[in-house]
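Chain and residue survey
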Amino acid sequence: MNHLDDDAELYALGLTERERSAEIEAHLAACPDCRTRVIAAEAAAAALASTLPPMPAAAPRRAWWPALAAAAALVFATTTVTEGIAVRARGAEAARTDVALTAIASSHFGHTTLSADPGVVVKALYARDGAWCYVVATGAPRGAHVMIRRGTATRDAGALGDGSPATLFLRQPGRADEVSIVAGERVVAHGVPVY
Ligand SMILES: [Zn+2]
């Protein structure tokens, strides 16, 4: 099996299919490089979740995690992510935003909160290389669509799901210049990812 690449981030966010997750876990057991990438993504996701509710539910702890805890501590000992986590462990509330920013800066995905109508909250998580985008919305009109603009071309990426929050996962959307949520003719939210 090849390295995980973007699947590392999707896995950390709990977005991979069950069968694929099993393959990923088998690979992680044998590949330190991918473990490092997944752990960094999980740290980023956790930091995001701590400062920017509402976020997708955190992925459950994996079977390989206990065996990795010591290794992860070693990996993190040399990274700014760990320094950030250490700061959080000391209970410095004001440092949480810094933790999130540090973790995000060192991860392979970014996020943006869209400007939205009152009562509507929309966040987009996206791979920095444009490989995927995950849109999470609360309060959006039922059946609202996600529109992706690149340059002067805008395409309809599909409707948000019926769940709460409503979500839409896009594979290979490219690096969008703008993400918007449209209900009928109305733009109810829009934002600009930073890659
Ligand atoms: Zn690997």
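What counts, and at which threshold
Residues numbered from 1 in each chain as written. Predicted model: local features only at pLDDT ≥ 70, side-chain atom pairs only at ≥ 80, totals over all residues. Pairing = 2+ DSSP bridges. Helix = DSSP H or I, 4+ residues; strand = E, 2+ residues; numbered from the N terminus. Buried ≥ 20, exposed ≤ 12 C-beta atoms within 10 Å, placed from the backbone. Core = buried A, V, L, I, M, F, W, Y, C linked by C-beta atoms within 7 Å. Contact = placed C-beta atoms within 7 Å. Axes fitted to C-alpha atoms, helices over the stretch in contact; angles between N-to-C directions. pLDDT = per-residue confidence, 0-100.

Reading across from one edge, β2-β9-β8-β5-β6 is the order of the five strands in this open sheet, with antiparallel pairing throughout. With partners counted over all chains shown, the strands left at the sheet margins are β2 (115-116) and β6 (153-159), one partner each. Across six bridges, the pairing between strand β5 (residues 145-150) and β6 is antiparallel. Bridge pairing links R150 to A153 in β6.

All right, on to the pairing of strand β3 (residues 121-127) then. Of all seven residues making up β3, six are buried, and the element is well covered by its neighbours. Here strand β1 (residues 109-113) pairs with β3 via five bridges, running antiparallel. Note on β3: the bridge partner recorded for H111 is L125. Two elements, β3 and strand β4 (residues 132-138), share six bridges in a ladder whose sense is antiparallel. Directly across from V121, in β4, lies its bridge partner T138. Joining the antiparallel neighbours β3 and β4 is a turn of four residues, in which G130 adopts a positive phi near 80°.

One broad trend across soluble globular proteins is that nonpolar side chains are buried collectively. Of all hydrophobic cores here, the largest spans 43 residues; its most connected members are V135 and I181. Here the element with the most residues in this core is helix α3 (residues 32-51); it accounts for eight residues. Beyond its immediate stretch of four places on either side in the chain, V135 contacts V122, A124, V146, L160, T167, L168 and V179.

What follows covers the sheet that holds β3. Here we have four strands laid out as an open sheet, ordered β1-β3-β4-β7, and antiparallel in their pairing. In the strand order of this sheet, the two ends are held by β1 and β7 (166-171), each with one partner. In this sheet, neighbouring strand axes are inclined to one another by 15° on average, regardless of whether the strands run parallel or antiparallel.

Examined against the element boundaries, V187 turns out to sit in strand β9 (residues 186-191). Judged by the 15 C-beta atoms lying within 10 Å of it, V187 is partly exposed. Remark: the alpha-carbon pair of V187 and D117, spanning 70 residues in sequence, is separated by 8.8 Å. Setting aside its immediate chain neighbours within four residues, V187 contacts S180 and V182.

Okay, the confidence of the model for the protein next. Close inspection of predicted coordinates is inappropriate in any region flagged by low pLDDT. When pLDDT is averaged along the protein, the result is 75; 68% of the residues meet or exceed 70. Model confidence for the protein, summarised as mean pLDDT per element, is weakest for helix α4 (residues 65-77) at 39 and strongest for strand β8 (residues 178-183) at 97. Here residues 52-94 is modelled with pLDDT under 50, and outside its nearest four sequence neighbours on either side it reaches 48 contacts, counting other chains as well.

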